[in-house]
Amino acid sequence: MTKPAGRVVCDITISADGYSAGADQTEERPFGDDGGDGSGAGLHAWMFDTPDENRAEIDRLNTAGAFIMGRNMFGPVRGAWDRQWNGWWGGDPPFHAPVFVLTHHAREPQPMDGGTTYYFVTDGIAPALARARTAAGDGDVTVLGGATTINQYLTAGLIDEVRLHIVPFTLGAGTRLFEGVPPLKLEQVTSRAASQVTHVTYRVLT
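Positions within a chain are numbered from 1, following the residues in the order the chain's sequence is written. pLDDT decides what is reported in this predicted model: residues at 70 or higher carry local features, side-chain atom pairs at 80 or more are listed and counted, and totals for whole chains, interfaces and linings draw on all residues regardless. Derived side-chain values reflect all non-hydrogen atoms in the structure, with water molecules and hydrogen atoms excluded from consideration.

A. Summary view of the overall build of the chain. When helices and strands are counted, the chain shows five helices and eleven strands. Computed over its C-alpha atoms, the radius of gyration of the chain comes to 16 Å, within 12% of the 17 Å expected for a compact globule of 206 residues. By principal-axis analysis of the C-alpha atoms, the chain measures approximately 45 × 40 × 35 Å. Burial here depends on accessible area, computed with a 1.4 Å probe over protein chains only, as a share of the maximum for the residue type. Under 20% is buried, over 50% is exposed, and the range in between is partly exposed. For the chain, the residues scored as buried account for 47% of the 206 residues in total. Contacts: residue pairs with any heavy atoms within 4.5 Å of one another. Contacts in the chain between residues at least 24 apart in sequence constitute 62% of all its contacts with a sequence separation of at least 6. Where helices and strands are cited, they refer to DSSP runs of H or I of at least four residues and of E of at least two residues respectively, numbered from the N terminus. The quantity called the radius of gyration is restricted to C-alpha atoms. Its globule counterpart is 2.2 Å times the number of residues to the power 0.38.

B. Main features of the sheet that holds strand β10 (residues 186-193). The pairing criterion is simple: DSSP has to find at least two bridges between the two strands. Sheet architecture is open: nine strands sit in the order β5-β6-β4-β3-β7-β1-β8-β11-β10, paired in mixed fashion. Looking at which strands have only one partner, the edges of the open sheet turn out to be β5 (110-111) and β10. Pairing analysis gives two bridges linking β5 to strand β6 (residues 117-121), with the strands arranged antiparallel. Its bridge partner lying in β6, Pro111 is registered against Thr117. Between N-to-C directions, angles cover 0 to 180 degrees, with each direction set by a line fitted to C-alpha atoms, over the stretch in contact for helices. Those strands touched by helix α4 (residues 125-136) are β1 (8-15), β3 (66-70), β4 (98-102), β6 and β7 (141-145), and its axis lies near 180° from that of β4.

C. Up close: the pairing of β3. Of all five residues that make up β3, five are buried, and the element is covered over most of its length. Across four bridges, the pairing between β3 and β7 is parallel. Bridging across to β7, Ile68 finds its partner in Val143. Note that β3 and β4 share four bridges and pair parallel. Residue pairing for β4: Ile68 is matched across the bridge by Phe100.

D. Structural view of unusual backbone geometry. At the junction of Gly145 and Gly146, the peptide bond is cis and its omega measures out at -5° in the coordinates. For Gly146, the location among the structural elements is in the loop between β7 and α5 (147-155). One non-glycine residue, His96, adopts positive backbone phi at about 55°. Looking at the secondary structure, you find His96 in the loop between α3 (71-74) and β4. The class of His96 is partly exposed, set by a relative accessible area of 45%. For Phe178, which is not glycine, the phi dihedral falls at a positive 75°. Within the element layout of this structure, Phe178 appears in the loop between β9 (175-176) and β10.

E. Structural context of the pattern of salt bridges. Throughout this description, the term salt bridge denotes a Lys or Arg side-chain nitrogen within 4 Å of a carboxyl oxygen of Asp or Glu. Within this structure, the stated rule accounts for eight salt bridges. Residues Arg83 and Glu27 are paired through a salt bridge, measuring 2.8 Å at the closest nitrogen-oxygen approach. Of this pair, Arg83 sits in the loop between α3 and β4 while Glu27 is found in the loop between β2 (19-21) and α1 (45-49), placing the two residues 56 residues apart along the sequence. Classification of Glu27 by relative accessible area gives partly exposed; the value is 34%.

F. Broad picture of the packing of aromatic side chains. Only Phe, Tyr and Trp rings are paired, with Trp represented by its six-membered ring, and only when their centres lie within 6.5 Å; those with planes under 30 degrees apart are stacked, over 60 edge-to-face, the remainder tilted. Per the stated rule, a full pass over the model turns up eight aromatic pairs. A ring pair is formed by Trp81 and Phe120, whose centres lie 5.2 Å apart and whose planes are at 65°; its orientation type is edge-to-face. Of this pair, Trp81 sits in the loop between α3 and β4 while Phe120 sits in strand β6; the two residues are 39 residues apart in sequence, bridging distant segments of the chain. Among the residues examined, Trp81 registers a relative accessible area of 18% and is labelled buried.

G. Molecular detail of the side chain of Asp34. Structurally, Asp34 can be placed in the loop between β2 and α1. The charged side chain of Asp34 is buried without a salt bridge, its nearest counter-charge being Arg29 at 5.4 Å. Definition of a polar contact: a pair of N or O atoms within 3.5 Å, with one able to donate and the other able to accept a hydrogen when the atoms are protein atoms, and with sequence-neighbouring residues admitted only if both atoms are side-chain atoms. At 2.9 Å, the side chain of Asp34 forms a polar contact with the backbone nitrogen of Gly36. Reaching out from Asp34, the side chain makes a polar contact with the backbone nitrogen of Gly42 at a distance of 3.4 Å. With residues up to four places along the chain from it excluded, the contact list for Asp34 reads Ser39, Gly40, Ala41, Gly42, Leu43, Phe169 and Leu171. Only four residue types enter the charge count: Lys and Arg as positive, Asp and Glu as negative, with His and the chain ends excluded.

What follows is the structure in structure tokens.
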């Protein structure tokens, strides 16, 4: 069987102790106690405060042919879709490609401006990846998060490359990358330090 041309990568910002979100997440503070106001500005200050310094990494975030995210990353709505929530990113999300959202509750696809369409997948991580691979063609599939979703894909051995943006503070609690994931052997591909973050890319060895 021919291996698909595109890679499956994950791309996520974490604290120095491995958390992608702090404790006490709410709709008003989706990243919880994240070193800032809970909006993500603490963990993701490197994107907003020094974008020029990190332009290559920011631009690479949205170059995949398709994306996967968990429902918690998509938004705060839980259970049945009792309100029309279309993500945190407004009417023209930055993805400009199909986005497959993992959920236990069925929903019709939601097209957005700019080429993004959200597809809601109820039958698990492997079917979501199969659909994303088909949509991406020869392009990469990026698993955006959150950490719980990435951990599921890592545990299943479905990630080829791990891209981390490590910020220089600790959170001590919250949602942690690699939590419950069996030991992995990683090969460092790139590493670059900037003023507010260190970007590290690992290849997952099999």
